[in-house]
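Structure assessment
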2 protein chains.
Amino acid sequence: MRVTAPPVGILNDVRQRLMQEAITLFVQQGYSATTVRAIVAAAGVTKPVLYYYFKSKENLYLEIMNSIRKLLDQRIEMLHATAGSVRQRIQELFVGMLDSAHENLSVVRLAYAIYFGPPQGAPFVDFNHFFDEILDTVDALLAEGITTGEIVDCNRTIICWALVGSYQAILEEQFCRVTPRIDRNGLIQVVGQILDGVAPKTPQGAHQGEKYEAM
Amino acid sequence: MRVTAPPVGILNDVRQRLMQEAITLFVQQGYSATTVRAIVAAAGVTKPVLYYYFKSKENLYLEIMNSIRKLLDQRIEMLHATAGSVRQRIQELFVGMLDSAHENLSVVRLAYAIYFGPPQGAPFVDFNHFFDEILDTVDALLAEGITTGEIVDCNRTIICWALVGSYQAILEEQFCRVTPRIDRNGLIQVVGQILDGVAPKTPQGAHQGEKYEAM
DNA sequence: GTCTATATTGAGATAGAC
DNA sequence: GTCTATCTCAATATAGAC
């Protein structure tokens, strides 16, 4: 039983639905166990519709993975367009990434499932590179802060792992618990706490009244 | 067709091999996709041998999961039998957990695969509780440190997330990369760095020459 | 009992009408 | 753009010879 075509104003509603349902099913059943039939049934369309929008199941999967990449790239671009202290920009980066993840929780959950779960014949996606990119971005920000004197000369690697590790734990909390025990504000505090550890002791390095210090 | 009982000298070599091969296969193919046939073939025994040592595939799986629990419990027990400053004990806990994980990397990898991957009909194991236990243990240590004045009065939740998050990121690095970019010593430094942020400014709170400050 | 050849199933993918 | 109907192919199950 057909439903009338969607209004053109809603750009490719069907395409979005297919991706969303695929994400949900990949999370629940894994890539290989999820059939094209199940995806189209969940999206309320038929098989050819899927093959019209995506070349194949594999291609659909890759487009989903690509959407994750876009989320990260957006945040890194936004970062480059942001002014402010290194501290502010680091907090902005992490909070922004958490916000993006929050708006796309199911796809983040899928990324974790793919990364840690069994391969299942799904095309390889280099999630390690994502992590490296975040690590490198934070490292560069720290390096800048050390140059300007906003941050004391320290072992950047150590600070990077503390920051990125904390971020990841808080991110995981968002989709592994029904009621996360730590949120956006907690992240701001954690990042702030770690950065306090490398703030200069001199008054000019103080950071009162900054954007993210509230709570 | 029964096999004779294993020589008592080699304490259940076969049993261990079965568990190890099961772990490897569960990681590679997932729980449901791994057949009993594949496990026994990898261990070089026949099906009845598996059913002799373990009641079922499910039971074998549960014993593997139980071995993870034992690893954590051991570390928490060791902690209670450890003297030293709060700082030392926190570092000892994290380093000890990393060491345990290192000696049992494949089972840790499996735990992550199960936790984040698709359910696959495997019996439920409450991994969240593991995480909570670590969080609570660290929190209690921090609380003790605040009472004794070794640590300044701070938002313990924030410090806990920073510590446990960093630990987890470093743990994941151990089994997600062929050559981890951070190791045991890095963990000590990260934990030390975070704890420095809550150390009292007064000289009596200083922590020179402690067990884990080398590197 | 074991092996090989054949059925059956169910997956991804497509052709062509509307 | 979407449908019905169909194709191809691989894995699995089964039958029947040996």
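Residues numbered from 1 in each chain as written. Chains lettered and ligands numbered in written order. Predicted model: local features only at pLDDT ≥ 70, side-chain atom pairs only at ≥ 80, totals over all residues. Heavy atoms only, no water.

**Considerations on the overall build of chain A**
- Counting its secondary structure elements, chain A contains nine helices and zero strands.
- Going residue by residue from the N terminus, the α and β elements of chain A occur as α-α-α-α-α-α-α-α-α.
- Accessible surface, chain A: about 10,600 Å² in total, of which carbon and sulfur atoms supply 55%. (Helix = DSSP H or I, 4+ residues; strand = E, 2+ residues; numbered from the N terminus. Areas by Shrake-Rupley, 256 points an atom, 1.4 Å probe, with all protein chains shown as cover.)

**Let's talk about the domain arrangement of chain A**
Residues and elements named next belong to chain A.
- When its domains are assigned, chain A resolves into domain 1 (1-54) and domain 2 (66-205).
- For domain 1 versus domain 2, the distance between C-alpha centres works out to 32 Å.
- At the junction of the two partners, domain 1 supplies eight residues and domain 2 supplies eight residues.
- At the boundary of domain 1 with domain 2, total buried surface from both sides reaches about 700 Å², with 71% on carbon and sulfur atoms. (Domains from an automatic or database assignment. Contact = heavy atoms within 4.5 Å. Buried area = accessible area lost by both parts, 1.4 Å probe.)

**Notes on helix α7 (residues 127-148) of chain A**
- Between its first and last C-alpha atoms α7(A) spans 32 Å; for 22 residues at 1.5 Å apiece the expected length is 32 Å, and the two agree.
- Count one or two residues on from α7(A) and you reach A:Gly149, which has phi positive near 85 degrees. (Expected span 1.5 Å × (residues − 1).)

**Some points on the protein's contact with DNA strand C**
Residue and element names in this part refer to chain A.
- Around DNA strand C, a shell composed of Thr34, Thr35, Val36, Arg37, Lys47, Pro48, Tyr51, Ser56 and Lys57 is seen.
- Here DNA strand C approaches the protein such that, of its atoms within 4 Å, sugar and phosphate make up 58%.
- A distance of 2.9 Å separates a phosphate oxygen of DNA strand C from a polar backbone atom of Val36.
- Of all elements in the fold, only α2 (36-43) and α3 (47-53) reach the threshold of two or more residues within the surface near DNA strand C.
- Counting residues per element, the surface near DNA strand C draws most heavily on α3, which supplies three residues.
- Considering only residue class, the surface near DNA strand C consists of three nonpolar, three polar and three charged. (Near = heavy atom within 4 Å. Polar contact = N/O pair within 3.5 Å; in protein donor to acceptor, adjacent residues only side chain to side chain. Nonpolar A, V, L, I, M, F, W, Y, C, P; charged D, E, K, R; others polar.)

**A word on helix α5 (residues 86-103) of chain B**
- Taking 1.5 Å of rise per residue, the 18 residues of α5(B) would be expected to cover 26 Å, and the 26 Å separating its terminal C-alpha atoms lies within 8% of that figure.
- When you tally the buried positions in α5(B), you get 14 out of 18 residues, the bulk of the element. (Buried < 20%, exposed > 50% of the residue type's maximum accessible area, 1.4 Å probe, protein only.)

**As for the interface of chain A and chain B**
- Between chain A and chain B, the residue contacts involve 40 residues of the former and 40 residues of the latter.
- Between chain A and chain B lies a buried interface of about 3,100 Å² when both sides are counted; carbon and sulfur atoms form 63% of it.
- Connecting chain A to chain B are four salt bridges.
- Close ionic contact of A:Arg177 with B:Asp132 constitutes a salt bridge, the shortest N to O distance being 2.8 Å.
- Where chain A touches chain B, the interface holds 10 residue pairs in polar contact (both at pLDDT 80 or more).
- Taken together, the elements giving at least two residues each to the side of chain A that touches chain B come down to α1 (13-29), α6 (105-116), α7, α8 (156-176) and α9 (184-196) of chain A.
- At 13 residues, α8(A) tops the list of elements feeding residues into the side of chain A that touches chain B. (Salt bridge = Lys/Arg side-chain N within 4 Å of Asp/Glu carboxyl O.)

**Section: the side chain of B:Thr137**
- Looking at where B:Thr137 falls in the secondary structure, it is placed in helix α7 (residues 127-148).
- Residues within four places of B:Thr137 in sequence aside, it is in contact with B:Ile76, B:Leu79 and B:Leu93.

**Regarding the nonpolar core**
- Counting residues in each nonpolar core, the largest one holds 148 residues, and the members touching the most others are A:Ile64, A:Phe94, B:Leu18, B:Ile64 and B:Phe94.
- Excluding residues that lie within four positions of it along the chain, B:Phe94 makes contacts with B:Ile134, B:Val138, B:Leu163, B:Val164, B:Tyr167, B:Leu187 and B:Val191. (Core = buried A, V, L, I, M, F, W, Y, C linked by side-chain atoms within 4.5 Å.)

**What about the relation of the copies chain A and chain B?**
- Under the fitted operation, chain A is carried onto chain B by 0.0 Å of movement along the axis and a turn of 180 degrees, and the coordinates agree to an RMSD of 0.1 Å. Such a combination of turn and shift is consistent with a two-fold rotation axis.
- A share of 100% of the interface residues of chain A reappears at the interface of chain B, consistent with the copies meeting face to face through the same patch. (Least-squares fit on C-alpha atoms with pLDDT ≥ 70 in both.)

**Side note on the confidence of the model for chain A**
- For chain A, per-residue confidence averages 91 on the pLDDT scale, and 88% of positions sit at 70 or higher.
- In the predicted structure, residues 1-10 of chain A sits below a pLDDT of 50 and forms one contact with residues beyond four places in sequence or in another chain. (pLDDT = per-residue confidence, 0-100.)

**So, the state of the cysteines**
- Tallied over the full model, the rule gives zero disulfides over all chains.
- Of all cysteine sulfurs in the structure, the one in A:Cys160 sits closest to A:Cys154, which takes part in no disulfide; the separation is 8.7 Å.
- B:Cys176 carries a free sulfur, and the closest cysteine sulfur to it, the one in A:Cys176, is 15 Å from it.
- Owing to a relative accessible area of 22%, B:Cys176 belongs among the partly exposed residues under this scheme. (Disulfide = S-S within 2.5 Å.)

**Quick word on the pattern of salt bridges**
- Summed over the entire model, instances satisfying the criterion amount to 24 salt bridges over all chains.
- Salt-bridge contacts for A:Asp99 lead to A:Arg184; the nearest nitrogen and oxygen are separated by 3.0 Å. Separated by 85 residues along the polypeptide, A:Asp99 in helix α5 (residues 86-103) and A:Arg184 in helix α9 bring together distant segments of the chain.
- For A:Arg184, a relative accessible area of 36% corresponds to the partly exposed category.
- Through salt bridges with shared partners, one network takes in A:Asp132, B:Glu173, B:Arg177 and B:Arg181.

**Some remarks on the packing of α7(B) against helix α8 (residues 156-176) of chain B**
Residues and elements named next belong to chain B.
- One can describe the packing of α7 onto α8 by two numbers: an axis separation of 9 Å at closest approach and a directional angle of 130 degrees. With respect to each other, α7 and α8 are oriented oblique. Handedness of the α7/α8 crossing: right-handed. Contact residues: Phe131, Ile134, Leu135, Val138, Asp139, Leu142, Ala143 and Ile146 in α7; Arg156, Thr157, Ile159, Cys160, Trp161, Leu163, Val164 and Gln168 in α8.
- Considered class by class, the residues forming the contact of α7 with α8 number 12 nonpolar, two polar and two charged. (Axes fitted to C-alpha atoms, helices over the stretch in contact; angles between N-to-C directions. Parallel < 35°, antiparallel > 145°, perpendicular 65-115°, else oblique. Left-handed = near helix turned anticlockwise from the far one by under 90°.)

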